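# Coordinate inspection notes
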2 protein chains.
Amino acid sequence: MARVVESDSVSGGSDVLLSLDSIRESLIRQEDTIVFTLIERANFPLNSPAFEESLCLDSGNSSSLPEFFVREIETLQAKIGRYEDPEENPFFLDNIPPSVYPTHKYPPVLHPKALSVNINKRIWDTYFKEMLPLFVKPGDDGKYASTAASDLACLQAISRRIHFGKFVAEVKFRDAPQDYEPAIRAKDTEALMKLLTFEKVEEMVKKRVQKKAETFGQEVKCSSGEESERKYKVDPLLVSRIYGEWLIPLTKIVEVEYLLRRLD
Amino acid sequence: MARVVESDSVSGGSDVLLSLDSIRESLIRQEDTIVFTLIERANFPLNSPAFEESLCLDSGNSSSLPEFFVREIETLQAKIGRYEDPEENPFFLDNIPPSVYPTHKYPPVLHPKALSVNINKRIWDTYFKEMLPLFVKPGDDGKYASTAASDLACLQAISRRIHFGKFVAEVKFRDAPQDYEPAIRAKDTEALMKLLTFEKVEEMVKKRVQKKAETFGQEVKCSSGEESERKYKVDPLLVSRIYGEWLIPLTKIVEVEYLLRRLD
């Protein structure tokens, strides 16, 4: 049970490896994952009957299908060590069951008093109420189980991205504690938000994810002569908007929340 | 519990909708999913310690991490109705637990004596022993839970594609029963395989998935001036080979198995 594996991954790495560059590289790679999951989710219509009907379960709780599914999956994923990875944050688990299998020991990178920042409740609501109806057709094809698996993939990819704000904040803080400490001590959220905002970078991210949605969401035809049709599985402008309206702002909220506890 | 939803999807659709065109369209769309999942899996190294270590579980069974995970996920997915969809075939469940939530009623399309064809045991072995080491780097980054989730996504996408052979066989049989019946009655596997093989189509599929791997696996850069680097996340030739060596032949094996039981 006690096998320990030395890490060489970005976030689990030693301090030397925790650089803004390596974090940025991971965030860029995560964009691909997010675009893939959105494209995959767009295969199915909204399938809202799955959210609307709550059933009373054996546990005595009442739960919609996606909530039941995600809660149970998280319990199962905890049993194989998912939440020992500081990049992963559960949506529902208050008490994380221990892993059944030997797990990787992640060296501590985040500040112990700040690492528990978790805004998944907000991400859940934003995803189902605001994002999903934007890029998914209305309708009901009955494929609730596949839809729930697809929602889970989107939610986990988006949550990982947004909570990566903790690593971003940690690195930025370590690089220039003197810039952040006064605002943290004054609990000046606005000043922190300003310190963390780089509009040019945000614009670049929005442009890049738009281009990724164009590239990954196109219909690829077989023969080289045949031009790929410019019909996208998810509107690239919507992907850019999803980043601009929710993913980037929520990441910064995680950064601020983290910094506010960074000196505790 | 008895809410029934009328289907308008390809495989769940009425006979009128079960055409070779609609099946082909679904298979083409599934290529995107498969290429996405392979690219995502290539984010992680092999992480073979997760397969090699088997633990004795509460159930008394001994199981490796991926097997434990997939088995438990399948039980959970059955509870939300996944396996009532004739496109989905479990890897481990012998007895499929009933769904807790109301499910979609799929009109019967496949022949009742032939719909249970399931070659997932073979797909499992092929995936872990032959395919995975081809496109994934050796190594161990400790991210076993994320790797298992990624393996599951690959396995389910590949299994769905291969078992789509049942729908292909059903449509081909209905289109020309007189061509198939003598070989079925003679249990002439070789003759059936010949009837089902169209080398030109297979070559086209292999070319198309190669192009998809080039398109979806490239590094997309931000600015339009900057050329996208021709460095792929998964070697496009390998994706073509995965189709040519395993996905296409295994789909045909499902077709033959299905046809052999089609007159029962």
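As the structure is a computational prediction, the values presented were derived from the model and not from experiment. (Residues numbered from 1 in each chain as written. Chains lettered and ligands numbered in written order. Predicted model: local features only at pLDDT ≥ 70, side-chain atom pairs only at ≥ 80, totals over all residues. Heavy atoms only, no water.)

## Details of the overall build of chain A
Looking only at helices and strands, one finds ten helices and two strands in chain A. Taken from the N to the C terminus, the helices and strands of chain A come in the order α-α-β-β-α-α-α-α-α-α-α-α. Compactness check: chain A gives a C-alpha radius of gyration of 20 Å against a globular reference of 18 Å for 264 residues, within 12% of the reference. In terms of its C-alpha atoms, chain A occupies a principal-axis envelope of roughly 55 × 50 × 40 Å. The contacts of chain A with a sequence gap of at least 6 include a subset with a gap of at least 24, amounting to 74%. For chain A, the exposed surface amounts to about 11,700 Å²; the carbon and sulfur share of it is 52%. For chain A, the separation between the mean place of its 36 positive charges and that of its 43 negative charges on side chains is 2 Å. (Helix = DSSP H or I, 4+ residues; strand = E, 2+ residues; numbered from the N terminus. Rg over C-alpha atoms; globule rule 2.2 N^0.38 Å. Contact = heavy atoms within 4.5 Å. Areas by Shrake-Rupley, 256 points an atom, 1.4 Å probe, with all protein chains shown as cover. Lys, Arg positive; Asp, Glu negative; His and termini not counted. Charge placed at Lys NZ, Arg CZ, Asp CG, Glu CD.)

## Comments concerning unusual backbone geometry
All names here are of chain B. The phi dihedral of N47 falls on the positive side, at around 55°, and the residue is not glycine. Its place among the elements puts N47 in the loop between α1 (20–41) and α2 (49–52). Judged by its relative accessible area of 1%, N47 is buried. Despite not being glycine, K187 has its phi angle at roughly 50°, a positive value. (Buried < 20%, exposed > 50% of the residue type's maximum accessible area, 1.4 Å probe, protein only.)

## Observations concerning the nonpolar core
One finds F135(A), L247(A), F135(B) and L247(B) to be the most contacted residues of the largest nonpolar core, which totals 147 residues. Setting aside residues up to four positions removed in sequence, L247(A) forms contacts with I34(A), M131(A), I158(A), R161(A), I162(A) and I242(A). (Core = buried A, V, L, I, M, F, W, Y, C linked by side-chain atoms within 4.5 Å.)

## What about the interface of chain B and chain A?
Counting residues at the interface gives 61 residues for chain B, matched by 61 residues for chain A. The junction of chain B with chain A conceals about 5,200 Å² of combined surface from both sides, 61% of it contributed by carbon and sulfur atoms. Across the salt bridge formed by E87(B) and K143(A), the nearest N and O atoms sit 3.5 Å from each other. Of all elements in the fold, only α1, β2 (62–64), α3 (65–79), α5 (144–163) and α9 (199–216) of chain B reach the threshold of two or more residues within the side of chain B that touches chain A. (Buried area = accessible area lost by both parts, 1.4 Å probe. Salt bridge = Lys/Arg side-chain N within 4 Å of Asp/Glu carboxyl O.)

## Observations regarding helix α6 (residues 165–175) of chain B
Residue and element names in this part refer to chain B. The buried fraction of α6 is high, at nine of eleven residues. The set of residues buried in α6 consists of G165, K166, F167, V168, A169, E170, V171, K172 and F173. Looking at the buried side of α6, the elements it contacts are α1, α5, α7 (177–185), α8 (189–196) and α10 (236–260).

## Re empty space enclosed by the protein
If you walk through the whole model with that rule in mind, you get eight cavities of 30 Å³ or more. The calculated volume of the largest cavity comes to roughly 80 Å³. G142(A), Y144(A), A145(A), G81(B) and Y106(B) are, among the 13 residues lining the largest cavity, the residues nearest its centre. For the lining of the largest cavity, a count of residues per class yields five nonpolar, five polar and three charged. By volume, the second largest cavity amounts to about 70 Å³. In terms of lining, the second largest cavity is formed by 13 residues, of which the most central are G81(A), Y106(A), G142(B), Y144(B) and A145(B). Taken together, the residues that form the lining of the second largest cavity break down as four nonpolar, five polar and four charged. (1 Å grid on protein atoms, 1.4 Å probe; cavity = no way out; pocket = protein on both sides within 12 Å on 5 of 7 lines; lining within 4 Å. Points joined across faces, edges and corners; volume = space filled by probe spheres on them. Nonpolar A, V, L, I, M, F, W, Y, C, P; charged D, E, K, R; others polar.)

## Some points on a nonpolar patch on the surface
Taken together, F198(A), V201(A) and M204(A) make up a surface patch of nonpolar side chains, about 260 Å² in accessible area. Along the chain, V201(A) falls in helix α9 (residues 199–216). (Patch = residues over 30% accessible without salt bridge, like charges linked within 9 Å, V, L, I, M, F, W, Y side chains within 5 Å.)

## Comments concerning the packing of aromatic side chains
Residues and elements named next belong to chain A. This structure, assessed with the given rule, holds 15 aromatic pairs over all chains. Measuring from ring centre to ring centre gives 5.0 Å for Y127 and F128, while their planes differ by 80°; the resulting arrangement is edge-to-face. Judged by relative accessible area, which is 0%, Y127 ranks as buried. Members of the aromatic cluster, each reached through a chain of ring pairs, are F91, F92, W124, Y127 and F128. (Phe/Tyr/Trp six-rings, centres within 6.5 Å; stacked < 30°, edge-to-face > 60°.)

## Observations concerning the relation of the copies chain B and chain A
Overlaying chain B on chain A yields an RMSD of 0.0 Å, the required transformation being a rotation through 180° with an accompanying axial translation of 0.0 Å. The superposition of one copy onto the other is thereby described by a two-fold rotation axis. Nearest to the rotation axis, the C-alpha of F216(B) is located 2.6 Å from it, this being the minimum over chain B. Most of the interface of chain B is mirrored in chain A, where 100% of its interface residues again form contacts. (Least-squares fit on C-alpha atoms with pLDDT ≥ 70 in both.)

## Observations concerning the side chain of R29(B)
On the secondary structure map, R29(B) appears in helix α1. Note on R29(B): relative accessible area 17%, which makes it buried. In contact with R29(B), not counting residues within four places along its chain, are I39(A), E40(A), N43(A) and K233(A).

## Looking at the pattern of salt bridges
Applying the stated criterion across every chain, the model contains 40 salt bridges over all chains. Of the charged contacts in the structure, one is a salt bridge between K143(A) and D85(B), with a shortest N-O distance of 2.4 Å. A residue pair is termed interchain when its members come from two chains, as with K143(A) in the loop between α4 (120–135) and α5 (144–163) and D85(B) in the loop between α3 and α4 (120–135). Taking relative accessible area as the criterion, K143(A) reaches 9% and is therefore assigned buried. Measuring nitrogen to oxygen at the nearest pair gives 3.7 Å for the salt bridge that ties K231(A) to E219(A). Placement of K231(A) in the loop between α9 and α10 (236–260) and of E219(A) in the loop between α9 and α10 is noted, with a sequence separation of twelve residues between them. Looking at K231(A), the relative accessible area reads 47%, which means it is partly exposed. The network of salt bridges with common partners includes E31(A), D32(A), R208(A), K212(A) and K233(B).

## A look at the confidence of the model for chain A
When the pLDDT values of chain A are averaged, the result is 90; 90% of them are 70 or greater. Taken as a whole, residues 1–16 of chain A scores under 50 in pLDDT and shows 34 contacts with residues more than four places along the chain or in a different chain. (pLDDT = per-residue confidence, 0-100.)

## Side note on the state of the cysteines
Inspection of every chain in the model, using the stated rule, returns zero disulfides over all chains. Note on C154(A): no disulfide assigned, nearest cysteine sulfur contributed by C154(B) at a separation of 17 Å. What makes C154(B) buried here is its relative accessible area of 0%. (Disulfide = S-S within 2.5 Å.)

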